[in-house]
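Each chain, written out:
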Amino acid sequence: MAILSALATEVLIPVAGVIGIAFAVVQWVLVSRVKLSPAAAAAGGSKNDYGDYLIEEEEGLNDHNVVVKCAEIQNAISEGATSFLFTEYQYVGIFMSIFAVVIFLFLGSVEGFSTKSQPCTYSVGKYCKPALFTALFSTASFLLGAITSLVSGFLGMKIATYANARTTLEARKGVGKAFITAFRSGAVMGFLLASSGLVVLYITINVFKLYYGDDWEGLFESITGYGLGGSSMALFGRVGGGIYTKAADVGADLVGKVERNIPEDDPRNPAVIADNVGDNVGDIAGMGSDLFGSYAESSCAALVVASISSFGINHDFTGMCYPLLVSSVGIIVCLITTLFATDFFEIKAVKEIEPALKKQLIISTALMTVGIAIISWLALPAKFTIFNFGTQKEVSNWGLFFCVAIGLWAGLIIGFVTEYYTSNAYSPVQDVADSCRTGAATNVIFGLALGYKSVIIPIFAIAVSIYVSFSIAAMYGIAVAALGMLSTIATGLAIDAYGPISDNAGGIAEMAGMSHRIRERTDALDAAGNTTAAIGKGFAIGSAALVSLALFGAFVSRAGVKVVDVLSPKVFIGLIVGAMLPYWFSAMTMKSVGSAALKMVEEVRRQFNTIPGLMEGTGKPDYATCVKISTDASIKEMIPPGALVMLTPLIVGTFFGVETLSGVLAGALVSGVQIAISASNTGGAWDNAKKYIEAGASEHARTLGPKGSDCHKAAVIGDTIKRRRSIHSIDPWAS
């Protein structure tokens, strides 16, 4: 028996979730102390450090005017992002409703919509709840997961647009103040998402338990809909937001930087507001939903496998809730880790930003290892059995600890490899920047080579995680390894959201006409943010690979497939078709970005050519038209890729059988992970190579610049290719 009682488990999980939500609220209150109205700022006096020091910092600029401009720009970005998400969610809501009906019909028809109790699959001699009600509860949990994902993305976007201008204003006091504001804002999103996801899943289990009672097999099978709903909404959020932001970014950069030779985020550029809106709807709302989907699926996969093991057979509530207890400990660990960035240490120079973010990963991983050891000792029996393809495999509590820990440390390795290949502090990105001497073609070649090379170590890390965790605890080991990689999701999301917030802060500084020194600080924050964004994608991709394999194992077990024989024609055909699907998906999204970017470029050129005084700064650009182009393109183009991902398993399984579907799922998983890692890291490297040249912080970088030089223009072109390529850094096959 476990040391931790069922009652203690029932208290610990929701309390950890509530603590996480309370901590998020405290961080939001601290960020809100930075005022965005001139009257409030002036009234703050010494409290906000306004006065002679700021006037000197701003080199004579009127402080009130700067605050007013920042507030106006922030409002425009917030309104654009909110409007887009509301429009997107209306369309996605319709699709989700239709898909919910499809799920109900498919699951309910398994036993002919029977309302009679059925013999349990894994508990011989026992009867489980009717298939019709399992279909009904699965559909309800699917919708609940979709709604939770939607709310998570929306709240993340609102927090980011609330904090961007405040980060800009804090940059006048120093890079440390701006860093804390941006990071605290990211922490609000991270803790809200992790905590709300945990609490909602826990409440759902307890509510469903009122009906299912001792039928834990049916209970946790119906819970799987929660993960599917979260990942389905994430798919549309990432695709729609990705098309939006990439189209705006390409249009803004190609015409503004390359053709007109004006700075990034120059207010004269008609696409600048759409570009900043895109950072929030794509990299904040989309990534938030994406990581939530992986988190929900890893939890659900672990619960399903455990429900047909000794935990489920013996109705061991504490042991069953082990995945949720790991997440609960993760929230507490991430809370302590966040204090190291915001309270225990202070950033005083630009060079300290990236090390501070790296320390967040190291500290959270080290503390979480200890936390996992404690909760494994308290919550698990010394020995228990795990379902392993028709047999029960005996596992120890320390064995399961190693499964979670190896996933956790594999995530750290992926994070550091990602940082090495995407940070301009290291030679790979500097080599990409140096390749710009001979034009955009060599920049593209070096960038692609970097992305392909960056796949090697993460794949080995994932492979070792799979081998060790499967050897110890079969598919349950892989599921908890994925959960281990996502156990510090609050910290991961904080450093991920920090990037777009800093990017927006730099754009607002440029549009508000703030001094060059302020822009240098926001650029330094943004450069570190590009790396952290790539690290966040690395975590999402690595965990998606493990989750996909765990779900694949659960599928073949539930479908009664003992062996997936690659020599079988049906399976092999499925493999090659499945391996093709991520390329098809990528082609659809990249073409959508290209079409939208073409319209954006034409519109920006039109405005520069037809609006009198626009280049001189006396004319006013039409921001709204550019926002509409990105919105219309993303809404129109996100449905086909989403339908491809969600309908393929249903169609293949219905018309070609379980064997072929097994091959399709396996092929898509293997192919999708490679594409995702290489595309993500190539994009991050191109972006930071451009920023390396623009910053001119080293002697080597100064030989490549300045802004507007041929070398810089080649780097900008590489960065715009990134905008098309990096959209398929999403791993769409986690479901």
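Basis of the calculations
Residues numbered from 1 in each chain as written. Predicted model: local features only at pLDDT ≥ 70, side-chain atom pairs only at ≥ 80, totals over all residues. Heavy atoms only, no water. Helix = DSSP H or I, 4+ residues; strand = E, 2+ residues; numbered from the N terminus. Rg over C-alpha atoms; globule rule 2.2 N^0.38 Å. Buried < 20%, exposed > 50% of the residue type's maximum accessible area, 1.4 Å probe, protein only. Contact = heavy atoms within 4.5 Å. Areas by Shrake-Rupley, 256 points an atom, 1.4 Å probe, with all protein chains shown as cover. Lys, Arg positive; Asp, Glu negative; His and termini not counted. Charge placed at Lys NZ, Arg CZ, Asp CG, Glu CD. Phe/Tyr/Trp six-rings, centres within 6.5 Å; stacked < 30°, edge-to-face > 60°. Lys NZ or Arg CZ within 6 Å of the ring centre and 35° of its normal. Core = buried A, V, L, I, M, F, W, Y, C linked by side-chain atoms within 4.5 Å. Axes fitted to C-alpha atoms, helices over the stretch in contact; angles between N-to-C directions. Parallel < 35°, antiparallel > 145°, perpendicular 65-115°, else oblique. Left-handed = near helix turned anticlockwise from the far one by under 90°. Nonpolar A, V, L, I, M, F, W, Y, C, P; charged D, E, K, R; others polar.

**Here's the deal with the overall build of the chain**
Argument step 1. Along the chain, the regular secondary structure elements total 23 helices and four strands.
Argument step 2. The C-alpha atoms of the chain give a radius of gyration of 25 Å, which matches the 27 Å a tight globule of 735 residues would have.
Argument step 3. For the C-alpha atoms alone, the extent of the chain along its principal axes is close to 80 × 55 × 45 Å.
Argument step 4. Out of the 735 residues in the chain, the part that is buried amounts to 63%.
Argument step 5. Across the chain, contacts joining residues at least 24 apart in sequence account for 84% of those joining residues at least 6 apart.
Argument step 6. Carbon and sulfur atoms provide 66% of the accessible area of the chain, an area that totals close to 26,100 Å².
Argument step 7. Placing the 50 positive and 57 negative side-chain charges of the chain at their respective mean positions leaves the two points 1 Å apart.

**Observations concerning the packing of aromatic side chains**
Argument step 1. All chains considered together, the criterion is met by 23 aromatic pairs.
Argument step 2. Between the aromatic rings of phenylalanine 311 and phenylalanine 384, the centroid separation amounts to 4.9 Å while the plane-to-plane angle is 35°, which identifies the pairing as tilted. Remark: phenylalanine 384 occurs in strand β3 (residues 383-388) and phenylalanine 311 occurs in helix α9 (residues 310-313); sequence separation between them is 73 residues.
Argument step 3. By relative accessible area, phenylalanine 384 is classed as buried at 4%.
Argument step 4. Members of the aromatic cluster, each reached through a chain of ring pairs, are Phe133, Phe137, Phe208, Tyr211 and Tyr212.
Argument step 5. Over the ring of tyrosine 211 we find lysine 129, and its NZ or CZ is 5.0 Å from the ring centre.
Argument step 6. Arginine 166 extends its terminal NZ or CZ atom over the ring of tyrosine 162, reaching a point 3.8 Å from the ring centre.

**Structural notes on the environment of glycine 108**
Argument step 1. Inspection of the secondary structure assignment puts glycine 108 in helix α4 (residues 63-108).
Argument step 2. It is 4.7 Å that separates the C-alpha atoms of glycine 108 and leucine 132, two residues lying 24 residues apart in sequence.
Argument step 3. Not counting the four nearest positions on each side in its chain, glycine 108 is found in contact with Phe113 and Ala135.

**Let's talk about the nonpolar core**
Argument step 1. Ranked by internal contacts, the top residues of the largest apolar core, which has 189 residues, are Phe179, Tyr322, Ile353 and Tyr476.
Argument step 2. Excluding its chain neighbours within four sequence positions, the residues that come into contact with tyrosine 322 are Ile372, Ile375, Ser376, Ala379, Leu380, Leu400, Phe401, Val404, Tyr476 and Val480.
Argument step 3. Within the second largest apolar cluster, 18 residues are counted, among which are Tyr421, Ala433, Ala689 and Leu704.

**Notes on the packing of helix α5 (residues 131-170) against helix α17 (residues 489-511)**
Argument step 1. Where α5 meets α17, the axes come as close as 8 Å, and the angle between the chain directions of the two elements is 55°. The orientation of α5 relative to α17 falls into the category oblique. Relative to α17, α5 is oriented so that their crossing is right-handed. Counted together, Ala160, Ala163, Asn164, Ala165, Thr167 and Thr168 of α5 and Ile501, Asn504, Ala505, Ile508 and Ala509 of α17 form the full contact between these two elements.
Argument step 2. Within the contact of α5 with α17, the residues separate by chemical class into seven nonpolar, four polar and no charged.

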